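Inside the fold
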Amino acid sequence: MKKLLLVMTIALLGCHTGQTQQSGEINQPASSTPLTLRYADFSQVAARTIDGVVHIRTVQTRLTPLYQSFFGFIINQGVQRKEYSAYGSGVIISPDGYIVTNNHVVQDAERIQVTLNDKRVLDASLIGTDPATDLALIKIDADGLTAIPFGNSDSALVGQPVLAIGNPFNLTSTVTAGIISAKARNMGIIDNNRGMESPIESFIQTDAAVNPGNSGGALVDADARLIGIVTAIASADGYYTGYSFAIPANLARKVAEDLKRYGHAQRAYLGVNVVEMTSALAKQMGLQEVKGLLLARVVPDCAADRAGLKQGDLLLTVAGVSVNSFAEMMEEIGRHAPGDLVDVTYYRNGRTHSATVTLQNAQGTTSVIRK
């Protein structure tokens, strides 16, 4: 069985737009020349973006117990300090040195070092982390850097060509190409073992080859815009076997702005528990289509409840975006802040209704939460 792995390289120190092109003429019979597909020339896209991706090295010090055998007795000799180094990638999002990467790349790091594509090596400071999205923001002291502009990940389409840029196996400035093979993937790979807020997973899936060290790197479109932050691969052996996953740029941009402004992500909540629709459930409810999310519970006196939504309603859209999976709903809500007004539509008693919801934070208010 394949396993989902965060694509970060770890070592121990001291120990050893693409266009589709059709051949033939329109309305030819099936026996005519088959369709052919080709990627666009991505050389210009790579040239515009490769300087915006950096190599990240982090260092942690761990204390390891030392023991010695003396005539059959095990004697504690104290502890030994060992340095562990981890490697990943990051994306420059502003000319003055702000860099987005994965939380798992810099988590628990004592030192963070950034190598630019021009081989300059600079120390970085940690601005903030958001384990719930596996995102982090770091800063280097530099100006005039090449920043990759954010694109609109909502408009990215399945089948669209993309480039993945990162540093697999410490091979700096590596570019691979592929297509978006799926969207809104919820893979269950972000842990909640530190008591953090509910994970938000709605990954862009791609077949662009990535490997350990690509974590935090860029997924860019044919317009040289950032549409995702590379995060994980699906693999049985820790190496690329066909598909990988990236955090959508719209979510990454919102989290990065929060981390820069507050040092902490401002998470918004709708206050509902949902069940994804199935054909059997839709038939039981007398629905003609399998769509929307069934509200299994509406938390009393929270955002959805105050807007008039009730248990048993079928949530159809959030902020104009159709939500047919838990991942789609979480991504859309995750792009908003507490206090934002969000329009929703829902189905109840044979009619479609609309409401405006004032989103809340985990404390049930609209205030900014600071660490």
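Okay, so let's go over this structure. These numbers come from a predicted model, not from an experiment.

This paragraph deals with unusual backbone geometry. A positive phi angle, near 55 degrees, is found at Phe169, a position not held by glycine. Tracing the backbone shows Phe169 in the loop between strand 9 (161-166) and strand 10 (174-185). Residue Asp301 is not a glycine yet carries a positive backbone phi of 60 degrees. Position of Asp301 relative to the elements: it lies in the loop between strand 16 (293-298) and helix 5 (303-306).

All right, on to the side chain of Gln160 then. Relative to the helices and strands, Gln160 resides in the loop between strand 8 (135-140) and strand 9. Those residues within four positions of Gln160 in sequence are excluded, and the remaining contacts are Ser155, Gly178, Ile179, Ile180, Asp221 and Ile227.

In this structure, Leu270, Leu315 and Met329 are the most contacted members of the largest nonpolar core, which totals 56 residues. Take this core: its biggest share by element is six residues, from helix 3 (residues 249-262). When residues no more than four places from it in sequence are discounted, the contact partners of Met329 are Leu270, Val272, Val274, Leu293, Leu315 and Val323. Counting residues in each nonpolar core, the second largest holds 15 residues, with Ile92, Val106, Ile112 and Ile140 among its members.

Further remarks concern helix 3. For helix 3, spanning 14 residues, the distance from its first C-alpha to its last is 19 Å, which sits close to the expected 20 Å at 1.5 Å a residue. Among the 14 residues that make up helix 3, 10 are buried, leaving the element largely enclosed by the rest of the structure. For helix 3, every residue scored as buried is listed here: Ala249, Asn250, Leu251, Ala252, Lys254, Val255, Ala256, Asp258, Leu259 and Tyr262. Among the structural elements, strand 5 (98-101), strand 7 (121-130), strand 8, strand 13 (226-235), strand 14 (244-248) and helix 6 (326-334) are those in contact with the buried residues of helix 3.

Calculation criteria
Numbering of residues starts from 1 in every chain and runs along the sequence as written. Thresholds applied to this predicted model are a pLDDT of at least 70 for local features of residues and 80 or more for the giving and counting of side-chain atom pairs; totals over whole chains, interfaces and linings are not thresholded and use all residues. Side-chain numbers here rest on the full set of heavy atoms in the structure, without hydrogens or water. Helix and strand definitions follow DSSP, with helices as H or I runs of at least four residues and strands as E runs of at least two, each counted in order from the N terminus. Every residue pair with non-hydrogen atoms within 4.5 Å of one another is taken to be in contact. Only buried residues count toward a nonpolar core, which is a set of Ala, Val, Leu, Ile, Met, Phe, Trp, Tyr and Cys residues joined through side-chain atoms within 4.5 Å. Note on exposure labels: buried denotes an accessible area under 20% of the residue type's maximum, exposed denotes more than 50%, and partly exposed covers the range between, all computed with a 1.4 Å probe on protein chains only. Here the expected length of a helix is defined as 1.5 Å per residue gap, with one fewer gap than residues.

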